[in-house]
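# Coordinates in review
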Amino acid sequence: MSYIKDNIMDIEKEIQEICHRMGRAPKEVQLIAVTKTIDTERIREAIVHGITDVGENKVQEILSKYDGVKNVRWHMIGHLQTNKVKYIIDKVQLIHSLDRFHLAEEINKRAKQINRIMDVLVQVNIAQEETKFGIDAKNVYEFIEQIRGLEHIRIQGLMAMAPFVDDPEEVRIYFRKMKQLFDEIKERNIPGVEMKYLSMGMTNDYKVAIEEGSNMIRIGTGIFGKRNYQK
Ligand SMILES: *Cc1c(COP(=O)(O)O)cnc(C)c1O
């Protein structure tokens with residue numbers, strides 16, 4: 001499975017090159033290995049080669065792999081059903097997919113029960129796609145206003161998925177819009193809201209995302225190869 005090591009090294013090299021070119025510190029870009037459909041053996045292999053953070057988009061997959069994968073931070077990056085929050089509240093470091101008030105309330109409630117504060121990112125549907133989850137950019141302030149009083153969640157930034165296109169240059173505009181929104185919110189210094197993470201960029205578009213200011217990239221295929229959904 002040396003391909004995993006080679007892929008991680010290639011991506012890290014890319015991150016460094018882009019950051020140097022942009023005058024940014026490479027270590028400010030956090031690489032999250034997206035491990036959906038990937039077995040624990042391959043995940044452990046990735047950890048051996050420097051991966052510190054993994055992302056899953058299904059609660060069930062976090063639960064089935066959790067005990068087999070140690071020394072890593074778990075990220076919930078996919079659509080989260082309210083009735084499943086209780087299963088992961090003690091397991092994940094960051095929820096990237098907060099997109100509705102009811103979900104925020106449930107996370108707050110479950111976090112309170114175990115006496116923790118849950119870090120969350122607000123998911124933004126930046127290209128207003130029917131098929132994607134997330135808050136429309138124009139409603140983000142209102143949404144933040146609604147949830148920032150919940151004492152057991154802490155807003156740490158924004159997440160977005162760009163439309164799927166062949167040429168990542170086509171989605172540069174969306175990453176740029178996200179960075180503007182991120183900076184605007186940051187400048188307002190809203191109490192209880194910290195704009196620390198801008199989670200955007202996947203295998204196909206992460207280079208453009210970093211150029212536009214992303215500091216958290218979520219890469220699956222680029223590390224583990226093409227996913228096999230038949231099991
Ligand atoms: C699958 C997934 C990714 C990674 O996609 P790749 O194209 O395999 O890098 C990133 N973010 C989310 C939310 C995902 O579901």
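Predicted model only: the values in this text are computed from it and were never measured. (Residues numbered from 1 in each chain as written. Predicted model: local features only at pLDDT ≥ 70, side-chain atom pairs only at ≥ 80, totals over all residues. Heavy atoms only, no water.)

### Considerations on the packing of helix α6 (residues 140–147) against helix α7 (residues 172–188)
The relative placement of two packed helices is expressed as an angle between their axes plus a distance between the axes. Packing of α6 against α7 leaves a shortest axis separation of 12 Å and a crossing angle of 45 degrees. In terms of axis orientation, α6 runs oblique to α7. For α6 against α7, the interelement crossing comes out right-handed. Contact with α6, carried on its side by Val 140, Tyr 141 and Ile 144, involves Leu 181, Glu 184, Ile 185 and Arg 188 of α7 and no other residues of that element. A per-class count over the contact of α6 with α7 returns 5 nonpolar, no polar and 2 charged. (Axes fitted to C-alpha atoms, helices over the stretch in contact; angles between N-to-C directions. Helix = DSSP H or I, 4+ residues; strand = E, 2+ residues; numbered from the N terminus. Parallel < 35°, antiparallel > 145°, perpendicular 65-115°, else oblique. Left-handed = near helix turned anticlockwise from the far one by under 90°. Contact = heavy atoms within 4.5 Å. Nonpolar A, V, L, I, M, F, W, Y, C, P; charged D, E, K, R; others polar.)

### Comments concerning the packing of aromatic side chains
All told, the structure shown has 1 aromatic pair when counted by the stated rule. Relative to Trp 74, the ring of Tyr 66 lies with its centre 5.8 Å away and its plane at 40 degrees, an arrangement referred to as tilted. Classification of Trp 74 by relative accessible area gives buried; the value is 2%. For Lys 91, the ring lying beneath its charged end belongs to Tyr 66, and the centroid distance is 5.4 Å. (Phe/Tyr/Trp six-rings, centres within 6.5 Å; stacked < 30°, edge-to-face > 60°. Buried < 20%, exposed > 50% of the residue type's maximum accessible area, 1.4 Å probe, protein only. Lys NZ or Arg CZ within 6 Å of the ring centre and 35° of its normal.)

### Examining the nonpolar core
Core analysis: the largest hydrophobic core is formed by 68 residues, its most contacted members being Leu 98, Ile 107, Met 118, Ile 147, Leu 158, Ile 185 and Ile 223. If you tally residues by element for this core, the top one is helix α1 (residues 2–22), at 6 residues. Excluding residues within four positions of it along the chain, Ile 107 makes contact with Val 85, Ile 89, Ile 95, Leu 98, Met 118, Val 120 and Ile 153. Ranked by size, the runner-up nonpolar core spans 5 residues in total, among them Leu 94, Leu 121, Met 159 and Met 216. (Core = buried A, V, L, I, M, F, W, Y, C linked by side-chain atoms within 4.5 Å.)

### Side note on the pairing of strand β3 (residues 73–76)
Note that strand β2 (residues 53–56) and β3 share 4 bridges and pair parallel. Considered in β3, the bridge of Glu 56 is made with Met 76. Regarding topology, helix α3 (residues 59–65) serves as the crossover connection from β2 to the parallel β3, and that connection is right-handed. Pairing between β3 and strand β4 (residues 92–98): 3 bridges, direction parallel. Bridged to Met 76 within β4 is Ile 95. (Pairing = 2+ DSSP bridges. Right-handed = clockwise from strand over helix to strand, strands pointing away.)

### Concerning the UniProt feature "domain: Alanine racemase N-terminal" (unreviewed entry) in the protein
Residues given the UniProt feature "domain: Alanine racemase N-terminal" (unreviewed entry) here are residues 15–226. Within residues 15–226, the helical portion is 36% and the strand portion 22%, while the C-alpha atoms at the span's ends are 21 Å from each other. (UniProt positions renumbered as here; feature names shortened; annotations may be inferred.)

### Brief notes about the pattern of salt bridges
This structure, assessed with the given rule, holds 20 salt bridges. Linking Lys 207 and Glu 14 is a salt bridge whose minimum nitrogen-to-oxygen distance equals 3.7 Å. Of this pair, Lys 207 sits in helix α8 (residues 206–211) while Glu 14 sits in helix α1, placing them 193 residues apart in sequence. Residue Lys 207 is classed as partly exposed on the basis of its relative accessible area of 37%. Overall, the relative accessible area of 24% leaves Glu 14 in the partly exposed class. (Salt bridge = Lys/Arg side-chain N within 4 Å of Asp/Glu carboxyl O.)

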